[in-house]
Each structure stands twice: as structure tokens, then as C-alpha cells.
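Chain and residue survey
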Amino acid sequence: QVQLVESGGGLVQAGGSLRLSCAASGRTFSSYVMGWFRQAPGKEREFAAAISGGGGYTNYADSVKGRFTISRDNAKNTVYLQMNSLKPEDTAVYYCAGGIVRSSRSEQYDYWGQGTQVTVSS
């Protein structure tokens, strides 16, 4: 069982930056693919980024590519999402998720955090 807790959300102006963190419990963190998803009001949850267990593989949605960077520190059981050049359309609840398959599909992830709100003002 893995428990995930996100932090780092908040209110930021367009063009600004935020760094989200997701702390995981358990001793097998490095075995899991970790992903970040987001859900805006009235919209379905969508994939943002994913990283393999060792960190050597990353994948991004086209909407965030070049602006967001996913990384992880397995010694700290933590995955990060650095978000730069934020836009109002990035406003959403951001969730981290853990699974065993490299995927952009939410149903492939087994463990989910509670989410953290990111609001980007114009």
C-alpha cells in the first residue's frame, strides 16, 4: 500500500511558477511509475506528466511540454512537478498517482493523492 500526499499548490499570476511535491509512504517508492494528473472544474481528469521509477524516462502532455518538469528523489520518497510559465488554463486540482505501468491513462495508476489546488490568475 502506498499513500501519497501532495503539497505546493496555491494562487499565482500568469507567467509565474509553482513547484508541487508529492510525498509517498512505503519502502518501494522507487518501484513505481509516478504521474501527475489534473482536473479543472467541469472537465475530466487529464494527464500532465509521468516519470519512471529510476527517473530515466519522462513523458509529458503536449499542453505542458516545455513548461513543466517532472522529477523525483527516491531517497526522499518524493516526486515533484515544476511548473513554469503558468497560464490561466493550467488552473486545476493537481493529483499525483503511482502505478507499475508507464502510462498516460489514469486507470493504469493504482494509488492517488488527495489533490492540491493550483489557481492561475490572468
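Residues numbered from 1 in each chain as written. Predicted model: local features only at pLDDT ≥ 70, side-chain atom pairs only at ≥ 80, totals over all residues. Heavy atoms only, no water.

Remarks on the overall build of the protein
What counts is decided by this rule: Strands here mean DSSP runs of E at least two residues long; helices mean DSSP runs of H or I at least four residues long; both are numbered from the N terminus. Based on C-alpha atoms, the radius of gyration is set beside the globule rule, defined as 2.2 Å times the residue count to the power 0.38. Exposure is judged per residue with a 1.4 Å probe applied to protein chains only, and the accessible area is read against the type maximum: over 50% gives exposed, under 20% gives buried, and values in between give partly exposed. We call two residues contacting when some pair of their heavy atoms lies within 4.5 Å. Accessible areas in this description were obtained via Shrake-Rupley with a 1.4 Å probe; residue shielding takes into account the shown protein chains only. Working convention for charge: Lys and Arg count positive, Asp and Glu count negative, and His plus the chain ends are omitted. Charge placement uses NZ in Lys and CZ in Arg. For Asp and Glu, CG and CD serve respectively.
Across its full length, the protein carries 0 helices and 11 strands. Taking 14 Å as the expected radius of gyration for a compact globule of 122 residues, we find that the protein reaches 13 Å, a close match to that expectation. Once the C-alpha set of the protein is aligned to its principal axes, its extents read approximately 40 × 25 × 25 Å. Out of the 122 residues belonging to the protein, those deemed buried represent 45%. Sequence separation of 24 or more characterises 57% of the internal contacts of the protein that already satisfy a separation of 6 or more. With an accessible surface of roughly 6200 Å², the protein has 44% of that area assigned to carbon and sulfur atoms. Computing the positive centroid from 12 side-chain charges and the negative centroid from 9, the protein places the two 6 Å apart.

Focus on the pairing of strand β11 (residues 116-121)
Convention followed: Here, any two strands with at least 2 DSSP bridges between them count as paired.
Here β11 shows a buried face lined by T116, V118 and V120 and an unburied face lined by Q117, T119 and S121. Pairing of strand β2 (residues 10-13) with β11, which is carried by 4 bridges, proceeds in the parallel orientation. From the neighbouring strand, G10 faces β11, where its bridge partner is V118.

Regarding the environment of M34
Mapping M34 onto the fold places it in strand β4 (residues 33-39). Along the primary structure M34 and V101 are separated by 67 residues, whereas in three dimensions their C-alpha atoms are 9.3 Å apart. The residues touching M34, leaving out its near neighbours within four places in the chain, are L4, C22, F29, A49, A50, I51, I70, R72, V79, A97, G98 and Y109.

Side note on the packing of aromatic side chains
Put simply, the rule reads: Ring geometry is summarised as follows: Phe, Tyr and Trp rings, the Trp one being its six-membered ring, pair when their centres sit within 6.5 Å, and such pairs are stacked at plane angles under 30 degrees, edge-to-face over 60 and tilted between the two.
As enumerated under the stated definition, the model contains 6 aromatic pairs in all. Between F37 and Y109 the ring centres are 5.2 Å apart and the planes differ by 75°, which places this aromatic pair in the edge-to-face class. Highlighted residues: F37 in strand β4 and Y109 in strand β10 (residues 109-112), separated in sequence by 72 residues. Residue F37 shares its accessibility class with Y109, and that shared class is buried. Ring geometry for Y109 against W112: centres 6.4 Å apart, planes inclined by 65°, an arrangement best described as edge-to-face.

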